[in-house]
Amino acid sequence: MVQNMFRTGFLVRATHTLLTWVITLILFLHNTDLRRCEERGELLPPVLFFLLVMLSVLLYFAVSLMDPGFVLTDTVKGSNEEMESMIPQTSTPRMRRCGYCLLQQPMRAKHCQTCKRCVRRFDHHCPWMENCVGERNHRWFMVYLLVQLLALLWALHAALSGLSPVVSWDQWFRANGFLLAALCVVGVFSAVVLVLLCCHLYLVSVNCTTWEFMARHRISYLKNRGDERSPFDRGPLCNLRDFCCARSAVTWEATYDRSAPNSV
């Protein structure tokens, strides 16, 4: 039973939710800006902060439970090695069959050892969400990071505003112990989320995934290319537009063919 709870990500998601609301409660119970606004009858800042935290939690569960783009069936129906060998060779590497789930992998797909499924445009497996980040949920992952960062920075400011000066260190720690713990947790998470958001914004702008960036030398369609640029890179503006607006699965083989050095 315990193993099943770990596999389904129940404990990870429960920990995230509990930590979020415990820190929020600490900020409202101490003499922070949020508490002072509430006492003065200025309810807009506390309500906005609460709604921002609620939105971050909802986005967390949406991305965590969303299908990241699992490969469900063979891309080419009824294909076998004999038929594939009769297809004329092009500049595009031949689609490979996954050694674990035995499905043909579209270009940029990868098998996740944790989820035990192949994922389209695989970016990475996020242990904090207990889900892969792939073609279908990557943009929502970015939205979640942005909202989470805003909530964390606001919480960081609120926690700093609640630290009360006391004569002795012993009294200071007693008065601010819980708030100091919340401040440390929020500070660490703020730094992590900021780094993640910046890294993913860069990778999206060059149309590269985390997996492609980290394991380029092992990926069949990248390792033999002399150019360090991603073969799917169409420029920052086009990459960002495609990332934000694409509504269906992309045929990356076609994009790869157009970018090939010997393509006509």
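Residues numbered from 1 in each chain as written. Predicted model: local features only at pLDDT ≥ 70, side-chain atom pairs only at ≥ 80, totals over all residues. Heavy atoms only, no water.

**With respect to the overall build of the protein**
Within the protein, the secondary structure is distributed over 10 helices and four strands. Counting from the amino terminus, the protein carries its helices and strands in the arrangement α-α-α-α-α-β-β-β-β-α-α-α-α-α. Per-residue burial over the protein gives 42% buried out of 264 residues. In the protein, of all internal contacts separated by at least 6 residues, the share reaching a separation of at least 24 is 63%. (Helix = DSSP H or I, 4+ residues; strand = E, 2+ residues; numbered from the N terminus. Buried < 20%, exposed > 50% of the residue type's maximum accessible area, 1.4 Å probe, protein only. Contact = heavy atoms within 4.5 Å.)

**Concerning the nonpolar core**
Ranked by internal contacts, the top residues of the largest apolar core, which has 34 residues, are L27, L34, F49, M129, F141, Y144 and L145. Among the elements of the structure, α2 (10-29), α4 (44-65), α6 (138-161) and α7 (169-205) are those that each provide at least two residues to this core. The dominant element in this core, judged by the number of residues it contributes, is α6, at 11 residues. The residues touching M129, leaving out its near neighbours within four places in the chain, are V12, R13, Y60, V63, S64, F141 and Y144. By size, the runner-up hydrophobic cluster in this structure holds 14 residues, among which are V119, F122, W211 and F232. (Core = buried A, V, L, I, M, F, W, Y, C linked by side-chain atoms within 4.5 Å.)

**Section: the packing of α6 against α7**
Running from N to C, α6 and α7 point in directions that differ by 150 degrees, and their axes come no closer than 8 Å. For the pair α6 and α7, the crossing hand works out as left-handed. (Axes fitted to C-alpha atoms, helices over the stretch in contact; angles between N-to-C directions. Left-handed = near helix turned anticlockwise from the far one by under 90°.)

**Thoughts on the environment of H157**
Following the sequence through the fold, H157 ends up in helix α6. Overall, H157 belongs to the partly exposed group, its relative accessible area being 48%. Residues H157 and V186, spaced 29 residues apart in sequence, show a C-alpha to C-alpha distance of 10.0 Å.

**Some remarks on the packing of α2 against α4**
Direction vectors running N to C along α2 and α4 enclose 175 degrees, while the axes themselves pass 11 Å from each other. Judged by the angle between their axes, α2 and α4 are roughly antiparallel. On α4, the residues touching V12, R13, H16, T17, T20, W21, T24, L27 and F28 of α2 are P46, F49, F50, V53, M54, V57, Y60, F61, S64 and L65. Broken down by class, the residue content of the contact of α2 with α4 amounts to 13 nonpolar, five polar and one charged. (Parallel < 35°, antiparallel > 145°, perpendicular 65-115°, else oblique. Nonpolar A, V, L, I, M, F, W, Y, C, P; charged D, E, K, R; others polar.)

**Quick word on α4**
Compared with an ideal rise of 1.5 Å per residue, which puts 22 residues at 32 Å, α4 spans 31 Å between its outermost C-alpha atoms and is within 8% of the ideal. Within α4, the full set of buried residues consists of P46, F49, L52, V53, S56, V57, L59, Y60, V63 and S64. Down the axis of α4, the smallest arc covering the buried residues is 165 degrees, so these residues share one side. Residues of α4 that are exposed and point more than 90 degrees away from the buried face comprise L44, L58 and L65. On its buried face, α4 is in contact with α2, α3 (33-39), β4 (131-133) and α6. (Expected span 1.5 Å × (residues − 1). Arc of directions from axis to C-beta.)

**Describing the confidence of the model for the protein**
Should the pLDDT be low somewhere, the predicted coordinates at that spot are not to be read in detail. Taken residue by residue, the protein gives an average pLDDT of 85. The fraction at 70 or more is 86%. Predicted confidence is poor over residues 1-6, with pLDDT under 50, and the contacts of this stretch with residues over four places away or in other chains come to four contacts. In this model, residues 77-89 is a region of pLDDT below 50 whose contacts with residues beyond four sequence positions or in other chains number nine contacts. (pLDDT = per-residue confidence, 0-100.)

**Focus on unusual backbone geometry**
Of note, L102 is a non-glycine position whose phi angle comes to about 60 degrees, a positive value. For L102, a relative accessible area of 55% gives the class exposed. Residue K116 is not a glycine yet carries a positive backbone phi of 60 degrees. By secondary structure assignment, the location of K116 is in the loop between β1 (110-112) and β2 (117-119).

**Observations concerning the side chain of T32**
Along the chain, T32 turns up in the loop between α2 and α3. Within the structure, the side chain of T32 is placed 2.6 Å from the backbone oxygen of L27, a separation counted as a polar contact. Residue contacts for T32: discarding those within four places in its chain leaves L27, A158, S161, G162 and L179. (Polar contact = N/O pair within 3.5 Å; in protein donor to acceptor, adjacent residues only side chain to side chain.)

**Digging into the packing of aromatic side chains**
We describe a pair of aromatic rings using the distance from one ring centre to the other and the angle between the two ring planes. Within this structure, the stated rule accounts for nine aromatic pairs. Ring geometry for W128 and F189: centres 5.9 Å apart, planes at 50 degrees, overall tilted. One end of the pair, W128, is in the loop between β3 (124-126) and β4; the other, F189, is in helix α7, and 61 residues separate them in sequence. When the centroid spacing of 5.9 Å and the interplanar angle of 70 degrees are considered together, the rings of Y221 and F232 count as edge-to-face. (Phe/Tyr/Trp six-rings, centres within 6.5 Å; stacked < 30°, edge-to-face > 60°.)

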